[in-house]
Amino acid sequence: RDCLAHAQRQSVADRIRQRFAVAGPTPSATPSVGAPVCAGDCDGDRRVTVDELLRAVSAALGEQPVTGCDAADRNGDGAITVDELQFAINHALDG
């Protein structure tokens with residue numbers, strides 16, 4: 001499985017939150033062209049690999065710039081947090 005199905009489910013959840021003003025996580029910025037970005041998918045192939053997870057962890061630890069894996073920075077604040085890493089790991093495990 002790839003992240004596209006998950007991104008579509010997330011999009012539906014965001015629309016429900018907006019319609020009924022339900023509090024929830026702030027949606028991350030997604031590119032306007034092409035497929036939605038999967039959390040932790042550093043190379044944009046809609047899969048999260050162990051190598052990409054290692055790049056995200058390295059960026060979270062400050063060993064490399066976050067720009068090495070922008071997809072792991074879900075909220076776009078320039079830092080990769082533990083919850084963002086967990087989200088990327090879930091994508092790697094669940095697709």
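Residues numbered from 1 in each chain as written. Predicted model: local features only at pLDDT ≥ 70, side-chain atom pairs only at ≥ 80, totals over all residues. Heavy atoms only, no water.

Draft legend 1. Structural view of the pattern of salt bridges. Under the counting rule described, the total for this entry stands at one salt bridge. One salt bridge connects Asp-45 with Arg-47, and the closest N-O pair in it is separated by 3.2 Å. Using a relative accessible area of 29% as the deciding quantity, one classes Asp-45 as partly exposed. (Salt bridge = Lys/Arg side-chain N within 4 Å of Asp/Glu carboxyl O. Buried < 20%, exposed > 50% of the residue type's maximum accessible area, 1.4 Å probe, protein only.)

Draft legend 2. Quick peek at helix α3 (residues 82-94). Over its 13 residues, α3 runs 18 Å from end to end, which matches the ideal 18 Å to within 8%, given 1.5 Å per residue. All buried positions along α3 are accounted for by Glu-84, Leu-85, Ala-88 and His-91. The arc that holds every buried residue of α3, seen down its axis, measures 115 degrees, which confines them to one face. Pointing more than 90 degrees away from the buried face of α3 are the exposed residues Val-82, Asp-83, Gln-86 and Leu-93. (Helix = DSSP H or I, 4+ residues; strand = E, 2+ residues; numbered from the N terminus. Expected span 1.5 Å × (residues − 1). Arc of directions from axis to C-beta.)

Draft legend 3. View of the nonpolar core. Counting eight residues, the largest nonpolar core is built from Cys-42, Ala-56, Ala-59, Val-66, Cys-69, Ala-72, Ile-80 and Leu-85. Every residue in contact with Ala-72, bar those within four places of it in the chain, is listed here: Gly-40, Ala-56, Ile-80 and Glu-84. (Core = buried A, V, L, I, M, F, W, Y, C linked by side-chain atoms within 4.5 Å. Contact = heavy atoms within 4.5 Å.)

Draft legend 4. Just helix α2 (residues 50-60), in detail. Within the sequence span of α2, burial applies to Glu-52, Leu-53, Ala-56, Ser-58 and Ala-59. Of the residues one or two after α2, Gly-62 is the one with positive phi, at around 80 degrees.

Draft legend 5. Spotlight on the packing of α2 against α3. Where α2 meets α3, the closest approach of the two axes is 10 Å, and the angle between their N-to-C directions is 175 degrees. Judged on the interaxial angle alone, α3 and α2 are roughly antiparallel. Residue-level inspection shows Leu-53, Ala-56, Val-57 and Ala-60 of α2 in contact with α3, the latter providing Leu-85, Ala-88, Ile-89 and Ala-92. Counted by class, the contact of α2 with α3 contains eight nonpolar, no polar and no charged residues. (Axes fitted to C-alpha atoms, helices over the stretch in contact; angles between N-to-C directions. Parallel < 35°, antiparallel > 145°, perpendicular 65-115°, else oblique. Nonpolar A, V, L, I, M, F, W, Y, C, P; charged D, E, K, R; others polar.)

Draft legend 6. Spotlight on the side chain of Ser-58. Mapped onto the elements, Ser-58 comes out in helix α2. Discounting chain neighbours no more than four positions away, the residues touching Ser-58 are Glu-63 and Gln-64.

Draft legend 7. Focus on unusual backbone geometry. Positive phi values are uncommon outside glycine, yet Arg-46 reaches one of about 70 degrees. As for its position among the elements, Arg-46 is in the loop between α1 (3-20) and α2.

Draft legend 8. Just the state of the cysteines, in detail. For the coordinates displayed, the defined rule picks out one disulfide. Disulfide pairing places Cys-42 opposite Cys-69 at an S-S distance of 1.9 Å. Note on the Cys-42 and Cys-69 pair: the S-S dihedral is about -90 degrees, so by sign convention the disulfide is left-handed. Remark: Cys-69 occurs in the loop between α2 and α3 and Cys-42 occurs in the loop between α1 and α2; sequence separation between them is 27 residues. For Cys-69, a relative accessible area of 1% gives the class buried. (Disulfide = S-S within 2.5 Å.)

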